[in-house]
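The lines below spell out each chain.
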Amino acid sequence: MEKLSNPQVTIEILKKYNFAFQKRYGQNFLIDGHVIEKIIGASDITKEDVVLEIGPGIGTMTQYLAEAAGYVYAVEIDRNLLPILDETLAEYDNVRVINDDILKLDIHELIKEDKRTLKVVANLPYYITTPIIMGLFEDNVPAKSITVMVQKEVAARMQAKPGSKDYGALSLAVLYYAEPYIAANVPPNCFMPRPNIASSVIRLTRWDKPPVKVKDERLMFKLIRASFNQRRKTLQNGINNSNELNISKNEVVEALSKMSLPDNIRGETLSLEQFACLSDLLTK
Ligand code: SAM
C-alpha cells in the first residue's frame, strides 16, 4: 500500500474505519514523510536493531521503522486502532502490535528473548511524556537510545542547565542517564489533527556509565523529585514534605552544612554532582 505519510492515504484510512480521534490519548498523527525520515535518521536504526515504538497510531512511522529495523514492537493503548494497524502493516512480517498501556507493560519481559540492540522510537502522547521517559530510565530498560517527538518546551527542559528556568527533575534525569541531541523542530502542520504547540525530535543516547557516582540511585531521584515538587520551597522543606521520603529537616540541614551549602538553598540551584553528594550523605 502507499505510505500513510501521504496525507490523502491517512484521510482515506481514517474514513474507511470511521475513526474518531481520542484527545485523552494524545492522538496527533504524523502526515509528513520528511519528518519521519528525520526521526529514522536520528535514531540510527539498522537491521541489527529491535525497536520499541510507543503509540504507533495508525502505523505511519511503523511502516518506516519496519523497513529500517530488524524487528518492531509497537505498543498501542487504543483498541480502536488495532483493525487499522492490521491493514496498514499487513505487508510487514517483522512487526508485532501489542495492545497495552506502555506505563503498565513489563518491557523487560517483552524483549527478554531478544538479544539484538534495543532502540526506542516514538511520536509520544504528550500527556505522559515525563512518566514514559523517567520510567524507561528508572526501570533500566536496556535501550541504547530513545528518539522521541516531544513538545518543544519539554525538549528544552531535557537539555536545561542548573539555574535556568527550564531546569527540573527531567533535566537531571537526562543529565544522569543520557546525552541529549535535538534533531529537528517540527511545526503543528505536520500532524493530523494539528496540535496547538510546536514539537521537537530529541535523541537521548544512554551513557554506558552515568557521569556521577551515587550509592542509591532511587534515593537520589526521590530527593530530586521532592526538591522540584514545590519549586518555591527550600530544599529542606521540599524533602521534609515528601511522602516518598522519611527524612527530617535536621538531617537535610546537617548534610547541606557538610557540603558547605546554606540551609535555605533551593533545589533548582543544585547540580547533578551536588544531588549525588546529598543523596550519599542521606543514605542510611
Ligand atoms: N506514532 C503515530 C504517529 O506518529 O502518527 C501516533 C502518535 S500519537 C502522538 C500518540 C499515540 O500513542 C496514539 O496512537 C495514542 O493512542 C497512543 N497512546 C497514548 N497513550 C498511550 C499509552 N499509555 N500506551 C500506549 N500508547 C499510548
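Since the model is a prediction, treat every value here as computed from it, not as a measurement. (Residues numbered from 1 in each chain as written. Predicted model: local features only at pLDDT ≥ 70, side-chain atom pairs only at ≥ 80, totals over all residues. Heavy atoms only, no water.)

Draft legend 1. Quick peek at the domain arrangement of the chain. Under the domain assignment used here, the chain contains domain 1 (7-206) and domain 2 (217-282). Here the C-alpha centre of domain 2 lies 33 Å away from the C-alpha centre of domain 1. Taken together, the contacts link 15 residues of domain 1 with 14 residues of domain 2. For the pair domain 1 and domain 2, the two sides together bury roughly 1200 Å², of which 59% comes from carbon and sulfur. When the buried area of domain 1 at its contact with domain 2 is split by residue, Glu138, Leu172 and Tyr176 rank highest and sum to 44% of it. Across the domain 1-domain 2 interface, the total number found is 1 salt bridge. A salt bridge links Arg225 to Glu138, with the nearest nitrogen and oxygen atoms 3.0 Å apart. When contributions to the side of domain 1 that touches domain 2 are tallied by element, the ones reaching two or more residues are helix H6 (129-138) and helix H8 (169-177). When grouped by side-chain class, the residues that make up the side of domain 1 that touches domain 2 number 9 nonpolar, 3 polar and 3 charged. (Domains from an automatic or database assignment. Contact = heavy atoms within 4.5 Å. Buried area = accessible area lost by both parts, 1.4 Å probe. Salt bridge = Lys/Arg side-chain N within 4 Å of Asp/Glu carboxyl O. Helix = DSSP H or I, 4+ residues; strand = E, 2+ residues; numbered from the N terminus. Nonpolar A, V, L, I, M, F, W, Y, C, P; charged D, E, K, R; others polar.)

Draft legend 2. Focus on the side chain of Gln27. If you trace the backbone, Gln27 turns up in the loop between helix H1 (7-16) and strand E1 (29-30). Using a relative accessible area of 6% as the deciding quantity, one classes Gln27 as buried. A polar atom in the side chain of Gln27 sits 2.9 Å from the side chain of Asp78. Setting aside chain neighbours within four positions, we find Gln27 in contact with Phe19, Ala20, Phe21, Gln22, Asp78, Leu81, Met192 and Pro193. (Buried < 20%, exposed > 50% of the residue type's maximum accessible area, 1.4 Å probe, protein only. Polar contact = N/O pair within 3.5 Å; in protein donor to acceptor, adjacent residues only side chain to side chain.)

Draft legend 3. Inspection of the site of the ligand at higher detail. Taken together, 24 residues surround the ligand, and among them Leu30, Gly55, Glu76, Asp101 and Asn123 come closest. At a separation of 3.4 Å, a nitrogen atom of the ligand approaches a polar side-chain atom of Glu53. Protein chains bury 99% of the 600 Å² of accessible surface belonging to the ligand in isolation. Because more than half of its atoms lie within 2 Å of the grid, the ligand is assigned to the largest pocket. (Near = heavy atom within 4 Å. Areas by Shrake-Rupley, 256 points an atom, 1.4 Å probe, with all protein chains shown as cover. 1 Å grid on protein atoms, 1.4 Å probe; cavity = no way out; pocket = protein on both sides within 12 Å on 5 of 7 lines; lining within 4 Å. Sits in = over half its atoms within 2 Å of the grid points.)

Draft legend 4. Representation of empty space enclosed by the protein. Under the criterion given, the structure shown has 1 cavity of 30 Å³ or more. As a volume, the largest cavity reaches approximately 30 Å³. Put simply, the parts of the chain that give the lining of the largest cavity at least two residues each are H6 and strand E6 (143-151). The residue inventory of the lining of the largest cavity, partitioned by class, reads 5 nonpolar, no polar and 1 charged. (Points joined across faces, edges and corners; volume = space filled by probe spheres on them.)

Draft legend 5. Spotlight on the layout of surface pockets. Space inside the largest pocket adds up to approximately 620 Å³. Surrounding the largest pocket, 36 residues form its lining, Tyr25, Gly26, Gln27, Asn28 and Pro125 being those nearest its centre. Elements with a contribution of two residues or more to the lining of the largest pocket: E1, strand E2 (49-54), helix H3 (60-68) and strand E3 (71-76). Among the residues making up the lining of the largest pocket, the classes are represented as 20 nonpolar, 10 polar and 6 charged. By volume, the second largest pocket is sized at about 250 Å³. Forming the walls of the second largest pocket are 14 residues, and the residues nearest its centre are Arg157, Gly168, Ala169, Leu170 and Phe228. Taken together, the residues that form the lining of the second largest pocket break down as 6 nonpolar, 3 polar and 5 charged. Summarising the domain contributions, the lining of the second largest pocket has at least three residues from each of domain 1 (7-206) and domain 2 (217-282).

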